[in-house]
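Examining the three-dimensional arrangement
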Amino acid sequence: MLQSRLLVLVMAGTLVSGQAVHAQSSPAATGQADISNNQFVVGPSAVLMPKGAFLLIRKGREIGAIRFTSIELTETDDPGKATYESYFQGDASGSFLTANVVKRSGEIDLKHLKGIGRASFQTGKRKVRVGNWSFACDYPGRLNMWTYYGEQRDYGYEFAPTSARELADIDVSDKRLRWFRYDADTRVSLPLSDLPK
């Protein structure tokens, strides 16, 4: 029943910050209506993340790491909730365990606008902060690859899924990391078992 409700939501389109998000870029439309705990899905234009696994984000010499600590899909018309924690540092070659790392945490809570129907939801509690960077989350466990107040395009951010579930396990210099940029036409599934920490 949850999958059919999500599919109806996706097929109708979703209103996000005044813009329509088409079915092709939604998790349900790409066969990802259920959050999987064993893979990342990168694209189109967002990263669908498994609960507990870190995603690295970098731009220039700055780097961040984020993971969703809980992902809760609902049986109602509302998409659901998620909580996250993020870490940020100014040196992309360093460790996230140093004293200068900025830690943030927050909650995503997506609800439909009342009186408009299931095709849209309000924009409150959908901002994800990684240091000074802000991204939107328009589905529990899904991080947009463009800036929160910006339009859908490449802003120079790169995203690397990892299998790390502990901050101490992240190796930002690992040559096996695969870095992706915003691309509205590409979708890649990456099993956790194939990813470096």
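So, here is what we can say about the structure in this document. If you're wondering where the values come from, they're calculated on a predicted model, not measured in any experiment. (Residues numbered from 1 in each chain as written. Predicted model: local features only at pLDDT ≥ 70, side-chain atom pairs only at ≥ 80, totals over all residues. Heavy atoms only, no water.)

1. Focus on the packing of aromatic side chains
Inspection of every chain in the model, using the stated rule, returns seven aromatic pairs. Between Trp-146 and Tyr-182 the ring centres are 6.2 Å apart and the planes differ by 85°, which places this aromatic pair in the edge-to-face class. Residue Trp-146 is found in the loop between strand 11 (142-144) and strand 12 (158-161), and its partner Tyr-182 is found in the loop between strand 13 (180-181) and strand 14 (188-191); the two are separated by 36 residues along the sequence. Summarising the burial analysis for this pair, Trp-146 and Tyr-182 share the class buried. Of the aromatic side chains, those joined through ring pairs into one cluster are Phe-88, Trp-133, Phe-135, Tyr-157 and Phe-159. For Lys-59, the ring lying beneath its charged end belongs to Tyr-157, and the centroid distance is 4.7 Å. Cation over ring: Arg-153 sits above Tyr-155, and NZ or CZ is 3.9 Å from the ring centre. (Phe/Tyr/Trp six-rings, centres within 6.5 Å; stacked < 30°, edge-to-face > 60°. Helix = DSSP H or I, 4+ residues; strand = E, 2+ residues; numbered from the N terminus. Buried < 20%, exposed > 50% of the residue type's maximum accessible area, 1.4 Å probe, protein only. Lys NZ or Arg CZ within 6 Å of the ring centre and 35° of its normal.)

2. A few points about the nonpolar core
Core analysis: the largest hydrophobic core is formed by 32 residues, its most contacted members being Phe-40, Leu-55, Ile-57, Ile-66, Leu-143 and Phe-159. Residue assignment for this core shows that the elements contributing at least two residues are strand 3 (39-42), strand 5 (55-59), strand 6 (62-73), strand 7 (80-89), strand 8 (102-110), strand 9 (127-130), strand 10 (133-136) and strand 14. When residues no more than four places from it in sequence are discounted, the contact partners of Leu-143 are Ala-46, Val-47, Met-49, Leu-55, Ile-57, Ile-66, Val-128, Phe-135, Ala-136 and Phe-159. Membership of the second largest hydrophobic core comes to 14 residues, among which are Phe-96, Ala-164, Ile-170 and Val-172. (Core = buried A, V, L, I, M, F, W, Y, C linked by side-chain atoms within 4.5 Å. Contact = heavy atoms within 4.5 Å.)

3. Digging into the sheet that holds strand 4 (residues 46-48)
Taken together, four strands build an open sheet; the order of strands is 11-4-3-14 and the sheet is antiparallel. With one partner strand each, in any of the chains shown, strand 11 and strand 14 form the two edges of the open sheet. Sheet twist, expressed as the average angle between the axes of neighbouring strands with direction ignored, equals 15°. Alignment of strand 3 against strand 14, held across four bridges, turns out to be antiparallel. Across the sheet, Phe-40 pairs through a bridge with Leu-190, a residue of strand 14. (Pairing = 2+ DSSP bridges. Axes fitted to C-alpha atoms, helices over the stretch in contact; angles between N-to-C directions.)

4. Side note on the pairing of strand 5
As judged from the five bridges shared by strand 5 and strand 6, these two strands associate in the antiparallel manner. Its bridge partner being in strand 6, Arg-58 is matched across the sheet by Ile-63. Here strand 5 folds back onto strand 6, and the loop between the two strands holds two residues, one of which, Gly-60, carries a positive phi near 60°. One ladder, built from four bridges, connects strand 5 with strand 12; its direction is antiparallel. Looking at strand 12, one finds that Leu-56 is bridged to Ala-160.

5. Description of unusual backbone geometry
A cis amide bond links Gly-43 to the next residue, Pro-44, at an omega of -10°. Mapping Pro-44 onto the fold places it in the loop between strand 3 and strand 4. For Ser-45, which is not a glycine, the phi torsion comes out positive at approximately 70°. Tracing the backbone shows Ser-45 in the loop between strand 3 and strand 4. Relative accessible area serves as the criterion here: at 4%, Ser-45 is assigned to the buried category.

6. With respect to the sheet that holds strand 13
Pairing between the strands of a sheet is mediated by backbone hydrogen bonds and can be parallel or antiparallel. Pairing within the open sheet is antiparallel, and its six strands lie in the order 8-7-6-5-12-13. Each having just a single partner strand, strand 8 and strand 13 make up the two edges of the open sheet. When strand 6 meets strand 7, the two strands line up antiparallel, connected through ten bridges. When the bridges of strand 7 are listed, Phe-68 appears paired with Tyr-84.

7. Section: the environment of Arg-178
Relative to the helices and strands, Arg-178 is located in the loop between strand 12 and strand 13. Take Arg-178: its relative accessible area is 44%, and that puts it in the partly exposed class. It is 5.5 Å that separates the C-alpha atoms of Arg-178 and Ala-160, two residues lying 18 residues apart in sequence.

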